[in-house]
Amino acid sequence: MKIKVRVSSEKDTKYVYLICKKIQESAKIRGTGIAKKNPEYIKRKMVNGDAIIAFCDKKLAGFSYLDVFQNNKFIVNSGLIVFPEFRKQGLAKIIKIELFNLSRKKFPNSKIFSITTNNTVIKINTELGFNPVSFNELTNSENFWKGCRSCTNFDILNRNNKKMCLCTGLLYDPKKNNYSNNKINNRSKVVLAYSGGLDTSFCLKYLLKKNYEVHTVIINTGGFKKNELNEIHNRAISIGSKSHKTINAIEEYYQDCIKYLIFGNILKNDTYPVSVGSERIFQAIKIAKYSTMIKAKVIAHGSTGAGNDQIRFDVIFQIICPDKIILSPIRDMNISRNEEIKYLQNEGISFCWDELKYSVNKGIWGTSIGGKETLTSNEDIPDYAYPTKLCKNNSENLELEFYKGELSSVNKEKGKAVNNIMKIEKIASEFAIGRGVHIGDTILGIKGRVAFEASAAIIIIKAHHLLEKHILTKWQLYWKKQLSDWYGMLIHEAQYLDPVMRNIEEFLKSTQERLTGTVNIILHPYRFHLVGINSKYDLMKSSNTIAQYGEVNYGWKADDVKGFIKILSNQMKIYHILENDKIKEK
């Protein structure tokens, strides 16, 4: 299920009557709550961008809004509704967090409050920093309390002079909550994006030495074995992490990103499958949400000040959890890998230091390798630096089947796309296929060089592209190429959350309706050969009715072609006649 939660706009006003109806129905079932909402009032909220609206698989699924009282002194988060068919998916929490962030962004100095009988909402608000309070600490605006008149319990509120009711009052006061300012104390809770490598291990020890309470988290976007994740967990705890969490995001990463990288045949500079750049976006999104869940005030990462990852992390954090403080010790202190190693050695932390010569980032869509050679323009990465080694010197057949653009089987064995990708990686990596060195333009405007191995990604993209060349029309292929290049570039440059990306995804998806068939491949050491395809949508199957290229035609006569050629050349003829006249005049 694909969930999309965003700030409302004027185009959402078409849903207003349905939302009001659902709110009323929900209040009736619960037997409490504000039963009626004025549609015109809700419309204004939508148009002003004072509401959050949610969709599941493009269907309207939930809604909530904010309102302002007493000259911006109080903000209320109200009207939360999740449609019954989309409940128990965690959607209420996502909407509440997004509305809270919207309220903080628009009114950073205002107190935010909520009144509710819903235990789930109370728990979510508490996690965000709300505290239970008596009603006399909330707004005294009559306009707010008038809204309670449609609640079945209004008589209880009235009898108690608006001091208490069945609802619980919850208040977030920015002056009393450290979310609201940029000051962090020595025991602030920090979530550290932790991969277990040199950079993040340095950050972990450094932050602990600064007396922060550090909680490490790794977002698994593929490429890790279970024992490797266990080693990372044990390393984090042994260094001193208060807790360590592994979050699996492989399926989500595939559904929301890799799928479209395949649809678009995206290779940056026709070489590199945008492995790390796309992973970092999804890692950052998950880290941001995790930091909010455990109520951390600070997020830290191990990026340097000269790379792309710092931008990818920070951009996502600033959008999803703008109240968090971001720390990046290596960037902030501008220290080298050798200095990091020396620091950890002095702290008595032992690594296999020879392995730290290379920075390796693993993921389901490929592995990147950086080392002293990639800092030059002419040196090659040695064979031993690649994680997988050449094991097979023979050749081997491989058959991939696609259904509507998605990989549905490998060697006639059906399976989920994610499992198929891992299966291809296991088969092809033994041939050391998919290795390369990519040189490209960084977001910072400097050139960057990185080695990589991505056997599954390269084979799938090339096979998918071959199938497309047989099935799609000339202009489909042309415009796909234009938009696909932009999609890859925008992911690389940390623009994944820009709405234009969803627009491009819709276009790419629409081109895959007929993209069904098999592709036959032969694997060799260090390379592979695309043999051909088989599909009922193959446009070459015109041979019996229209023509066989370079052989014989059935759909036109010789005179038809001669006339076509004459007309086709008209514009060029006119140009050259005029050009020759100019020469004669001279």
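What counts, and where the lines are drawn
- Residues numbered from 1 in each chain as written.
- Predicted model: local features only at pLDDT ≥ 70, side-chain atom pairs only at ≥ 80, totals over all residues.
- Heavy atoms only, no water.
- pLDDT = per-residue confidence, 0-100.
- Contact = heavy atoms within 4.5 Å.
- Buried < 20%, exposed > 50% of the residue type's maximum accessible area, 1.4 Å probe, protein only.
- Helix = DSSP H or I, 4+ residues; strand = E, 2+ residues; numbered from the N terminus.
- Pairing = 2+ DSSP bridges.
- Phe/Tyr/Trp six-rings, centres within 6.5 Å; stacked < 30°, edge-to-face > 60°.
- Lys NZ or Arg CZ within 6 Å of the ring centre and 35° of its normal.
- Axes fitted to C-alpha atoms, helices over the stretch in contact; angles between N-to-C directions.
- Parallel < 35°, antiparallel > 145°, perpendicular 65-115°, else oblique.
- Left-handed = near helix turned anticlockwise from the far one by under 90°.
- Nonpolar A, V, L, I, M, F, W, Y, C, P; charged D, E, K, R; others polar.
- Salt bridge = Lys/Arg side-chain N within 4 Å of Asp/Glu carboxyl O.
- Core = buried A, V, L, I, M, F, W, Y, C linked by side-chain atoms within 4.5 Å.

1. Here we look at the confidence of the model for the protein chain
Then, number 1: Within the protein chain, residue pLDDT values average 89, and 95% of them lie at 70 or more.
Then, number 2: Low confidence marks residues 178-184, where pLDDT is under 50. Its contacts with residues over four positions away, or in another chain, come to 21 contacts.

2. What to know about the pairing of strand S20 (residues 517-524)
Then, number 1: Counting buried positions along S20 gives six out of eight residues, so the element sits mostly inside the fold.
Then, number 2: Pairing of strand S15 (residues 396-403) with S20 involves seven bridges; the strand directions are antiparallel. Within the sheet, the bridge partner assigned to Glu401 lies in S20 and is Thr518.
Then, number 3: Sheet analysis places S20 next to strand S21 (residues 527-534), joined by seven bridges and oriented antiparallel. Along S21, the bridge assignment pairs Val519 with Ile533.
Then, number 4: In this structure, the hairpin formed by S20 and S21 is closed by a connection of two residues, where Tyr526 is found at a positive phi of approximately 70 degrees.

3. With respect to the packing of aromatic side chains
Then, number 1: Per the stated rule, a full pass over the model turns up 22 aromatic pairs.
Then, number 2: For the ring pair Phe100 and Tyr172, a centre distance of 4.9 Å and an interplane angle of 80 degrees mean the geometry is edge-to-face. Taken together, the residues span a long stretch of sequence, with Phe100 in helix H3 (residues 91-106) and Tyr172 in strand S7 (residues 168-172) at a distance of 72 residues.
Then, number 3: The exposure class of Phe100 is buried, given its relative accessible area of 1%.
Then, number 4: Overall, the relative accessible area of 0% leaves Tyr172 in the buried class.
Then, number 5: Aromatic ring contacts, followed pair by pair, group Phe69, Phe74, Phe113, Phe135, Phe144 and Trp145 into a single cluster.
Then, number 6: Here the guanidinium or amino end of Lys22 rests over the ring plane of Phe83, the centre of that ring lying 5.3 Å away.
Then, number 7: Residue placement shows Arg435 over the ring face of Tyr386; its charged tip is 4.3 Å from the ring centre.

4. Digging into unusual backbone geometry
Then, number 1: Even without glycine at this site, Lys58 takes up a positive phi of about 70 degrees.
Then, number 2: Of note, Lys58 is situated in the loop between strand S2 (51-56) and strand S3 (59-69).
Then, number 3: Despite not being glycine, Ala432 shows a phi value in the positive range, around 55 degrees.
Then, number 4: With respect to the secondary-structure elements, Ala432 resides in the loop between helix H14 (417-429) and strand S18 (435-441).

5. Structural notes on the packing of helix H9 (residues 250-263) against helix H17 (residues 500-510)
Then, number 1: Axis separation between H9 and H17 bottoms out at 10 Å; the angle between their running directions is 55 degrees. Accordingly, the angle class assigned to the pair H9 and H17 is oblique. The interaxial crossing formed by H9 with H17 has left-handed handedness. Listed contacts from H17 to Asp256, Tyr260 and Phe263 of H9 are Glu505, Leu508 and Lys509.
Then, number 2: Here the contact of H9 with H17 is built from residues that sort into three nonpolar, no polar and three charged.

6. Considering the pattern of salt bridges
Then, number 1: Enumeration over the complete set of coordinates arrives at 27 salt bridges.
Then, number 2: Its salt-bridge partner being Asp12, residue Arg6 comes within 2.8 Å of it at the nearest N-O pair.
Then, number 3: Residue classification places Asp12 among the buried residues on the basis of a relative accessible area of 1%.
Then, number 4: For Glu228, the salt bridge goes to Lys362, with nearest N and O atoms at 2.7 Å. Here Glu228, found in helix H8 (residues 226-239), pairs with Lys362, found in the loop between strand S13 (359-361) and strand S14 (367-370); they are 134 residues apart in sequence, far enough to count as distant.
Then, number 5: The exposure class of Lys362 is partly exposed, given its relative accessible area of 25%.
Then, number 6: Three or more residues joined by partner-sharing salt bridges are found here, namely Asp270, Lys481 and Asp485.

7. Points about the side chain of Ser78
Then, number 1: Locating Ser78 in the fold gives a position in strand S4 (residues 74-82).
Then, number 2: The exposure class of Ser78 is buried, given its relative accessible area of 14%.
Then, number 3: Dropping the residues within four chain positions of it, Ser78 is found in contact with Lys37, Ser64, Tyr65 and Leu99.

8. Digging into the sheet that holds strand S9 (residues 213-220)
Across a sheet, strands are paired by hydrogen bonds formed along the backbone, either parallel or antiparallel in direction.
Then, number 1: Ordered by their spatial adjacency, five strands build an open sheet running S10-S9-S8-S11-S12, and the pairing between neighbours is parallel. Either end of the sheet is taken by a strand with one partner, and the two such strands are strand S10 (243-248) and strand S12 (325-327). In this sheet, adjacent strand axes meet at a mean angle of 25 degrees when their direction is disregarded.
Then, number 2: Relative to S10, S9 runs parallel, the two sharing six bridges. Residue pairing across strands places Ile218 opposite Thr246, the latter belonging to S10.
Then, number 3: Against the sheet, helix H7 (residues 198-209) makes contact with strand S8 (189-193), S9, strand S11 (298-300) and S12, and its axis sits at roughly 170 degrees relative to S8, the strand it touches most.
Then, number 4: Sheet contacts for H8: S9 and S10; angle to S10, the most-contacted strand, approximately 155 degrees.

9. Re the nonpolar core
Then, number 1: Judged by nonpolar contacts, the single largest core of 76 residues is most densely connected at Ile287, Trp365, Leu400, Ile459, Ile460 and Tyr487.
Then, number 2: Of all the elements, helix H15 (residues 455-471) adds the most residues to this core, at ten residues.
Then, number 3: With residues up to four places along the chain from it excluded, the contact list for Ile287 reads Val191, Ala193, Val217, Ile219, Ile299, Phe313 and Phe317.
Then, number 4: Cys56, Phe83, Phe86 and Ile97 belong to the second-largest nonpolar core, a separate cluster that totals 38 residues.

10. Looking at the pairing of S18
Then, number 1: Of the two faces of S18, the one lined by Gly436, His438 and Gly440 is fully buried and the one lined by Arg435, Val437, Ile439 and Asp441 carries no buried residue.
Then, number 2: Here seven bridges tie S18 to strand S19 (residues 447-453), and the two strands are oriented antiparallel to one another. Looking at S19, one finds that Ile439 is bridged to Arg449.
Then, number 3: What sits between the antiparallel neighbours S18 and S19 is a turn of five residues, in which Gly445 has the positive phi angle 95 degrees.

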